[in-house]
Protein chains: 6
Amino acid sequence: MRPISYKVAANLIVQALPYIQKFAGKTVVVKYGGNAMTSAATKAAVMQDVVLMRCVGIRPVLVHGGGPDINQALTKMGIESQFVGGLRVTDGETMEVVEMVLSGKTNKHIVAEIQKAGGQAVGLSGKDGGLITAEKETANGDIGFVGRIVKVDTSLIHALLEKGYIPVVSSVAAGVNGESFNVNADTVAGELATALKAEKLILMTDVTGIYRDFADKTSLISRMSVPEAEAMVGSGVIDKGMIPKVQSCITALRGGVGAVHVIDGTMLHALIVELFTDQGIGTMVEM
Amino acid sequence: MRPISYKVAANLIVQALPYIQKFAGKTVVVKYGGNAMTSAATKAAVMQDVVLMRCVGIRPVLVHGGGPDINQALTKMGIESQFVGGLRVTDGETMEVVEMVLSGKTNKHIVAEIQKAGGQAVGLSGKDGGLITAEKETANGDIGFVGRIVKVDTSLIHALLEKGYIPVVSSVAAGVNGESFNVNADTVAGELATALKAEKLILMTDVTGIYRDFADKTSLISRMSVPEAEAMVGSGVIDKGMIPKVQSCITALRGGVGAVHVIDGTMLHALIVELFTDQGIGTMVEM
Amino acid sequence: MRPISYKVAANLIVQALPYIQKFAGKTVVVKYGGNAMTSAATKAAVMQDVVLMRCVGIRPVLVHGGGPDINQALTKMGIESQFVGGLRVTDGETMEVVEMVLSGKTNKHIVAEIQKAGGQAVGLSGKDGGLITAEKETANGDIGFVGRIVKVDTSLIHALLEKGYIPVVSSVAAGVNGESFNVNADTVAGELATALKAEKLILMTDVTGIYRDFADKTSLISRMSVPEAEAMVGSGVIDKGMIPKVQSCITALRGGVGAVHVIDGTMLHALIVELFTDQGIGTMVEM
Amino acid sequence: MRPISYKVAANLIVQALPYIQKFAGKTVVVKYGGNAMTSAATKAAVMQDVVLMRCVGIRPVLVHGGGPDINQALTKMGIESQFVGGLRVTDGETMEVVEMVLSGKTNKHIVAEIQKAGGQAVGLSGKDGGLITAEKETANGDIGFVGRIVKVDTSLIHALLEKGYIPVVSSVAAGVNGESFNVNADTVAGELATALKAEKLILMTDVTGIYRDFADKTSLISRMSVPEAEAMVGSGVIDKGMIPKVQSCITALRGGVGAVHVIDGTMLHALIVELFTDQGIGTMVEM
Amino acid sequence: MRPISYKVAANLIVQALPYIQKFAGKTVVVKYGGNAMTSAATKAAVMQDVVLMRCVGIRPVLVHGGGPDINQALTKMGIESQFVGGLRVTDGETMEVVEMVLSGKTNKHIVAEIQKAGGQAVGLSGKDGGLITAEKETANGDIGFVGRIVKVDTSLIHALLEKGYIPVVSSVAAGVNGESFNVNADTVAGELATALKAEKLILMTDVTGIYRDFADKTSLISRMSVPEAEAMVGSGVIDKGMIPKVQSCITALRGGVGAVHVIDGTMLHALIVELFTDQGIGTMVEM
Amino acid sequence: MRPISYKVAANLIVQALPYIQKFAGKTVVVKYGGNAMTSAATKAAVMQDVVLMRCVGIRPVLVHGGGPDINQALTKMGIESQFVGGLRVTDGETMEVVEMVLSGKTNKHIVAEIQKAGGQAVGLSGKDGGLITAEKETANGDIGFVGRIVKVDTSLIHALLEKGYIPVVSSVAAGVNGESFNVNADTVAGELATALKAEKLILMTDVTGIYRDFADKTSLISRMSVPEAEAMVGSGVIDKGMIPKVQSCITALRGGVGAVHVIDGTMLHALIVELFTDQGIGTMVEM
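Read on for an overview of the structure.

Reading the values: rules and limits
Residues numbered from 1 in each chain as written. Chains lettered and ligands numbered in written order. Predicted model: local features only at pLDDT ≥ 70, side-chain atom pairs only at ≥ 80, totals over all residues. Heavy atoms only, no water. Helix = DSSP H or I, 4+ residues; strand = E, 2+ residues; numbered from the N terminus. Buried < 20%, exposed > 50% of the residue type's maximum accessible area, 1.4 Å probe, protein only. Contact = heavy atoms within 4.5 Å. Areas by Shrake-Rupley, 256 points an atom, 1.4 Å probe, with all protein chains shown as cover. Pairing = 2+ DSSP bridges. Buried area = accessible area lost by both parts, 1.4 Å probe. Salt bridge = Lys/Arg side-chain N within 4 Å of Asp/Glu carboxyl O. Phe/Tyr/Trp six-rings, centres within 6.5 Å; stacked < 30°, edge-to-face > 60°. Lys NZ or Arg CZ within 6 Å of the ring centre and 35° of its normal. Axes fitted to C-alpha atoms, helices over the stretch in contact; angles between N-to-C directions. Expected span 1.5 Å × (residues − 1). Least-squares fit on C-alpha atoms with pLDDT ≥ 70 in both. Parallel < 35°, antiparallel > 145°, perpendicular 65-115°, else oblique. Left-handed = near helix turned anticlockwise from the far one by under 90°. Nonpolar A, V, L, I, M, F, W, Y, C, P; charged D, E, K, R; others polar. Disulfide = S-S within 2.5 Å.

### Describing the overall build of chain A
Working step 1: In terms of helices and strands, chain A carries nine helices and 14 strands.
Working step 2: With the C-alpha coordinates aligned to their principal axes, the bounding extent of chain A is approximately 60 × 45 × 35 Å.
Working step 3: In chain A, buried positions account for 59% of the 287 residues.
Working step 4: Contacts in chain A between residues far apart in sequence, at least 24 positions, make up 73% of those at least 6 positions apart.
Working step 5: As displayed, chain A offers around 10,700 Å² of accessible surface, 52% of which is attributable to carbon and sulfur atoms.

### Re the pairing of strand 11 (residues 200–205) of chain B
A regular strand places its side chains on the two faces of the sheet in alternate fashion.
Residues and elements named next belong to chain B.
Working step 1: Among the six residues of strand 11, six are classified as buried, and the element is accordingly described as predominantly covered.
Working step 2: Pairing between strand 1 (residues 27–32) and strand 11: four bridges, direction parallel. Across the sheet, V30 pairs through a bridge with I202, a residue of strand 11.
Working step 3: Pairing of strand 11 with strand 13 (residues 259–264) involves six bridges; the strand directions are parallel. In the strand pairing of strand 13, K200 is matched with A259.

### As for the interface of chain B and chain A
Accessible area lost during the coming together of the parts is what is often quoted as the interface size.
Working step 1: In this assembly, 35 residues from chain B lie in contact with 35 residues from chain A.
Working step 2: Summed over both partners, the interface of chain B with chain A buries about 2,900 Å², with 62% contributed by carbon and sulfur atoms.
Working step 3: Close ionic contact of E96 of chain B with K105 of chain A constitutes a salt bridge, the shortest N to O distance being 2.8 Å.
Working step 4: Where the side of chain B that touches chain A is concerned, the elements lending two or more residues are helix 3 (67–76), helix 4 (92–116), strand 5 (121–125) and helix 5 (155–162) of chain B.

### Considering the packing of aromatic side chains
Working step 1: In this structure the tally under the stated criterion is six aromatic pairs over all chains.
Working step 2: Ring centres of F145 of chain A and F181 of chain A lie 5.9 Å apart, and the angle between their planes is 45 degrees; this geometry places the pair in the tilted category. Taken together, the residues F145 of chain A in the loop between strand 6 (132–136) and strand 7 (147–152) and F181 of chain A in strand 10 (residues 180–182) connect sequence positions 36 residues apart.
Working step 3: A residue is classified by how much of its surface remains accessible, and F181 of chain A, at 4% relative accessible area, is buried.
Working step 4: K217 of chain B extends its terminal NZ or CZ atom over the ring of Y211 of chain B, reaching a point 4.7 Å from the ring centre.

### A few points about the sheet that holds strand 8 (residues 166–170) of chain B
Residues and elements named next belong to chain B.
Working step 1: Spatially, 5-8-2-1-11-13-14-12 is the arrangement adopted by the eight strands of the open sheet, whose pairing is mixed. A strand with exactly one partner marks an edge of an open sheet, and here the two such strands are strand 5 and strand 12 (223–225). Geometrically, the sheet is characterised by an average inter-axis angle of 20 degrees between neighbouring strands, direction not taken into account.
Working step 2: Taken together, the five bridges between strand 5 and strand 8 define a ladder with parallel strand orientation. Directly across from G123, in strand 8, lies its bridge partner V168.

### Remarks on unusual backbone geometry
Keep in mind that most residues, glycine aside, have a negative phi and that most peptide bonds are trans.
Residue and element names in this part refer to chain E.
Working step 1: In the Ramachandran plot, K197 falls in the positive-phi region, its phi being about 50 degrees despite a non-glycine side chain.
Working step 2: Residue placement: K197 occurs in the loop between helix 6 (185–195) and strand 11 (200–205).
Working step 3: By relative accessible area, K197 is classed as exposed at 67%.

### A short note on the sheet that holds strand 16 (residues 283–286) of chain E
All names here are of chain E.
Working step 1: The strand order across the open sheet built from eight strands is 5-8-2-1-11-15-16-14, with neighbouring strands paired in mixed fashion. Every other strand in the sheet has two partners, leaving strand 5 (121–125) and strand 14 (223–225) as the edge strands with one partner each. Shown here is a sheet whose adjacent strand axes are inclined to one another by a mean of 20 degrees, direction ignored.
Working step 2: Strands strand 1 (27–32), strand 2 (59–64), strand 5 and strand 8 (166–170) of the sheet are contacted by helix 5 (residues 155–162), whose axis makes an angle of about 130 degrees with strand 2.
Working step 3: Along the sheet face, helix 7 (residues 226–234) touches strand 14 and strand 16 and points at about 90 degrees away from the line of strand 14.

### Observations concerning the arrangement of the chains
Working step 1: A gap remains between chain A and chain E, which never touch, and the nearest two C-alpha atoms on either side lie 15 Å apart.
Working step 2: Regarding chain D and chain F, the two do not touch, and the least distance separating their C-alpha atoms is 15 Å.

### Digging into helix 8 (residues 243–254) of chain F
All names here are of chain F.
Working step 1: With 12 residues, helix 8 should cover 16 Å at 1.5 Å per step; its first-to-last C-alpha distance of 16 Å lies within 8% of that length.
Working step 2: Within the sequence span of helix 8, burial applies to K245, V246, S248, C249, I250, A252 and L253.
Working step 3: Contacts from the buried residues of helix 8 go to strand 1 (27–32), helix 6 (185–195), strand 11 (200–205), helix 7 (226–234), strand 13 (259–264) and strand 14 (283–286).
Working step 4: Where helix 8 ends, the next residue or the one after it, G256, has phi of about 110 degrees, a positive value.

### Re the pairing of strand 1 of chain F
Residues and elements named next belong to chain F.
Working step 1: Of all six residues that make up strand 1, six are buried, and the element is covered over most of its length.
Working step 2: Burial along strand 1 is two-sided: the face carrying T27, V29 and K31 and the face carrying V28, V30 and Y32 are both buried.
Working step 3: As paired strands, strand 1 and strand 2 (residues 59–64) are joined by six bridges and run parallel to one another. For V28, the partnering residue across the bridge sits in strand 2 and is P60.

### So, the pattern of salt bridges
Residues and elements named next belong to chain A.
Working step 1: Applying the stated rule across the entire model yields 84 salt bridges over all chains.
Working step 2: For E162, the salt bridge goes to R59, with nearest N and O atoms at 3.3 Å. Residue E162 is located in helix 5 (residues 155–162), and its partner R59 is located in strand 2 (residues 59–64); the two are separated by 103 residues in the primary sequence.
Working step 3: R59 gets classed as buried once you look at its relative accessible area, which sits at 17%.
Working step 4: For K136, the salt bridge is made with D142, and the minimal N-O distance between the two is 3.0 Å.
Working step 5: K136 sits in the partly exposed class, given a relative accessible area of 34%.
Working step 6: Taking the relative accessible area as the measure of exposure, D142 reaches 59% and is therefore exposed.
Working step 7: Salt bridges sharing common partners tie together K31, D186 and K245.

### Regarding the side chain of T42 of chain B
Working step 1: Considering the arrangement of structural elements, one finds T42 of chain B in helix 2 (residues 40–55).
Working step 2: Not counting residues within four places of it along the chain, the set of residues in contact with T42 of chain B comprises A36, G265, T266 and L268 of chain B.

### Observations regarding the relation of the copies chain B and chain A
Working step 1: Once turned by 180 degrees and shifted 0.0 Å along the axis, chain B lies on chain A with an RMSD of 0.0 Å. One copy is carried onto the other by what is essentially a two-fold rotation axis. Looking at the rotation axis and the C-alpha trace of chain B, the residue lying nearest is G104 of chain B, at 1.8 Å.
Working step 2: Interface overlap between copies is the fraction of interface residues in one copy that are interface residues in the other; for chain B against chain A it reaches 100%, indicating a shared surface.

### Some points on the packing of helix 7 of chain E against helix 8 (residues 243–254) of chain E
All names here are of chain E.
Working step 1: Following both chains from N to C, one finds helix 7 and helix 8 inclined at 150 degrees, their axes separated by 10 Å at the closest point. Regarding the angle of helix 7 to helix 8, the classification is roughly antiparallel. Here helix 7 runs over helix 8; the crossing is left-handed. For the pair formed by helix 7 and helix 8, the contact residues are V226, A229, E230 and V233 on the first element and I243, V246, Q247, I250, L253 and R254 on the second.
Working step 2: When the residues that make up the contact of helix 7 with helix 8 are grouped by side-chain class, the tally is seven nonpolar, one polar and two charged.

### Some details on the environment of A41 of chain D
Residue and element names in this part refer to chain D.
Working step 1: Summarising the element assignment, A41 is placed in helix 2 (residues 40–55).
Working step 2: A41 gets classed as partly exposed once you look at its relative accessible area, which sits at 48%.
Working step 3: Sequence-wise, A41 and L268 are 227 residues apart; in three dimensions their C-alpha atoms are separated by 7.9 Å.

### Things to note about the state of the cysteines
Working step 1: Under the definition given, this model contains zero disulfides over all chains.
Working step 2: Free of any disulfide, C55 of chain B has its nearest cysteine sulfur in C55 of chain C, 12 Å distant.

Listed below in structure tokens is the structure:
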């Protein structure tokens, strides 16, 4: 590897130090998913970033979904999915596969990657230690085991953070009778950030951030307040596919999270660059 | 439910009290599997027993495999297994299914059941917090991702026990490069019990205990020392199917575990009756 | 001892588990006295119950008087007592005997019994660590060293409970100049329960509970609210001898104690049956 | 009270400071008894001294017998004692009185006095928390419930010292079946000092110290080593009545106690003067 | 040294005990300066007093200026000072000398003296751990690096007190850019006492206390309330040189300090006599 | 400031992470002095490096001398120094100036710089908390208050590190009577590193490292073992001016320090580059 010049090192240290001091001891929830999850190089970079965050005293919590893995497993098992209003109807058989993939494959894979990067990770689902309790989501009729979060108990997360572990949480919740619910991972991340009174919620997507007009790459919004975000959602300016994410941001900020960042997880070390340098990448939403 | 007579209550209290006092603060590793895992009533009873153990100050750790679930999933996915010397050849595709089932289905199901019984459980695999590191088992040639344990790090288990959680561990280990290995669940339980310096290792099977002659139900061995066990293995007296379990017992006892019990997990509340009453059920092996 | 059938064990566990979980970490003050104190079998059963409570995480505190022992010692010493309005006039000489018996005989005897049952007990009087400060009770004129509680300092009790000890408290209090006062043991138990914000106060008597009509054994009251209790005291329905106990219950409940139980201490293991089974024995008073 | 001149204050501070620093955090066992217990002024002074010791960071533990009180109570109850070789034959009836007086009267009286002086005291007997276990002393034949110490468990003492309490221990021990034994208070103090690895054991008597010839008041021994003490016992030089005390000293020093002091408890504030000034009063025995 | 009579010892103990108990665990800020700092005997006595305070559980904090040392060093370096309205104009060169003397000479000298007396002292200036932040005092025009306190952060003081150290603080503060400011030592002591919610602030001066008329030595005020102090300042009764000190007292008391004492630091052991005896010396101001 | 490219960030993170993990929780003693102390830019860079070290979990301890400042102050005061064998004869008057400069000027200046960089620093001399005790160095005859270290007590350093403070230590020690001694700063750093069982001792000089031949800049030694170092000292290969530093390295390594680095303090951020990148700068000496 090419040696780093003293000038560059100096530059970085001078830039990073105040951020490192500012975030020490703070909790940062990172929603990790999409394409950032598929490339081996990107995955390794994200895990290194998370471990580095922990090294400088930040308390990172990872939340993940697992889109592509789920589809692949359902296909292998010959299970076809129905969709209602764009949402997958999750019957019992599908839910079993979803849970196996999320909590048994994706989750443990992330854990293993963090361990390889030198961190100490613990893979959890919302069932562990009563972390997330859900009930059936009926806003769009009965679409099976799709859950709406009704309770978050962060005791286990706190216990693990206290001991230096990095919790990795799959987006599966428990019903009151122990049944499994699939919950949107952005929502899990938002609710967890709120319950943990996190300093930041970082949503890693596969786009650079929130655009005024997604087709126009120059229309990226660097910084946005909650009222601005609400106005843009209301006026239809924000790209339709981004609306759920923007709603998640607003809810988390209303719930007390310090700031929400939407960043491109496919950029190497986007997390660290966003947290520790003066450069803004992606979109930051604040109250 | 029928009221309990004072006499019976008195009886039980007088019997149980010295055992409760003796085991308070002690770690007990329970290998849970086989048929005890399939009946809903038996499962509920085991979970209640484990929660009760925790209530009286014991530190239970559950280890599980997941036989029938794995076969069912492999069949669904149309994956056929090769067997070499009675052992399944575990190629990459098979290992992925094995891990999903063990860590994503069976494990989280047990966690949900303990939560329902009022306990606080955390589902782990050997990958979490570097709990179990394995390398390829080559004693029987290359049979794929079947692992031999090379390191156990109990820090995470201790952290969870300290906070009152009941750890539930699936028998999947991590290789040094983060790859997954399937390890025999009895072996995991034995190694964990040894590393935790457990007071007891309890192997829940679907037979009553160890027999001199499995065909002769009157030949159950109540209590056995390590030299006796070794002699019986050597002389071929012990039933062949029991030999791996007996070997596990011997290794654990040599490693410092106080006693190993082989009990019938299909008997309701066998765990509590074995731990807290004068009645011997199953087989106890001691140094 | 007769082996216990699995059915009975299952029954008991299913019943007891939710109660054990509910009371874990809670403080329960037990007033122990009367005939429950005279039979060796009953005494041993009470001590086993108290030790079992401690084993399942409850924090029991025992309070006792010592009626028969006091009379016996006074007789031996040839000290005759005067009675005013049913209350013994306690002059200095009498008080000295009362204290010796309560704090030196009955108290240490209970401590030794708990130690024998495997618990760790510490015998205290209200003088130790400034636990209970009293002044002369003058409601019925000057009847000597009969005290009215003016201050309770629970620091010592908390310190002992924290370390796993079972405090055993005799009903002797200190005046501000270090003199001794005899205080009614039910009152001591009630005030201590209040100061400790106890979950329960259990008064062990030699009757089954509170009756509407003591002569009619079918008129036992299972459960009663404070307003009902007050109404019954007001209307003269409650048996006269029970009025002080009922007043103690009301005061404790008003002071924040969760529930007060009046049970028959002569029934073997009445404490455990009352706490851990669905069966109601005796009378429970709640707000 | 007469104002103290600055010179005197200066004098005292300069003298006391190094001793205070030397003994901070150290445990000092004080055997309190004899005539020092009978005068109100002396008692008050001893209690103030003990409280002051605690204030400057010393961990005092008081042990007491109760000679005159016992005789008085036995007389009142019309119980006559037999003596064998100078030792009281302690039958069951006598033992009951002895225990009541020691643990119920003398002990609680000392506690109340310490509380009055502003300290926090807890009165214990050897029964509490399994502090002292004894068995029948048979060296002089069967003389009843006179005990020989077989086990000391200092957990309770440590727990109380840790929280700032001053333990006050009566010389009654428990047998393995919970029965009571009377043990010589000097012996209790010595064994306790040994088990606590005390810095000092101070025996408060009613003589100035150990004399070569008790009749010759100029023969007081200021300082003595264990070999010297043994030689003097052997040669019959030491006064016969002092021999048991000297034996206690030797045993304690052999057991690891730093130094043993024999001082005159009837001198006001002898404890403080002995501990904190350059003046030697009484006799100090060291290894 | 002359032996101390038992009577005197008794006298002292009886007097001191309630004060020692009252102040245990309390913080006492001592401003040390003036002539009390110049005589070797007085210095040694003050240090012994401070160490004794620590031994009996008080948490002393020393604040000092360093008048004569500063003048001497300035003279040696040939730096002449300008005075405006009685205040030294402190240019950069002067400030450097002032800081070197206060933090490098006087401060470390006091530390060494406390260590010699057996205490554990840590010398600090207002710069250490962000203890005291100041800005330029401009009330009297620009007189250079004379500071006005704008922030006190007591974390470091608390950390040291917790570990048994005696903090010794020189009256130098840091500006927000790390520059040095000279602050009046009485003011530093007052602000520190306020921020620490100290029980007492003791100003050691070289006069006996506050006089109505400084020329009339019989007009010493023993005890004064804040309103009285304010009235006397207002009416010009209080000696002019004492006004800043009295203002410091009033500010500290308003800020929550329990009491302020002005005592003569040249009297040997004045600190201890003031704290622990009934004798009033100097002047005490209370709310 | 120029934005940093992702490539560079990635590069740095990948390089730094394993070092950060390796040194987390470890103590690193940094001797800071010479020219690195004179340039404002270099000073600021060193302080930022030290604060960054603390942020990533390292426990840095700074030791400093103060050459140029001392000469300047002595000159100002008109004190001329005698030299014996290259060592300054330090009489009482000189020592007073040396101490004022080191502990009152240089030390507090470094503290203020660290505070400005966002760290929490505490300036100490060897006198504080009994940190370093010295006696007169007489190896070269009587050259006054030049000290030889006889005792190091690291309690205070540990207490401060535990609470997150960065200790800054001037090279002044206390004699047993509280007098001041000037000790070579390299020696102080070495002894402190040894007593703290430091992972690393870093000597910041104004040369690039240790040369075989100082005149030949290509002869820099990157890595050297203790035997090699001794051989080179023995054979006269090492530059004479470097011999004391090399001796310090050897002593520290013999005393258990993990590694000693000699680096050029005038290179910006040399500390961080040396610790956290693969690039070797300067000379590293190991066992």
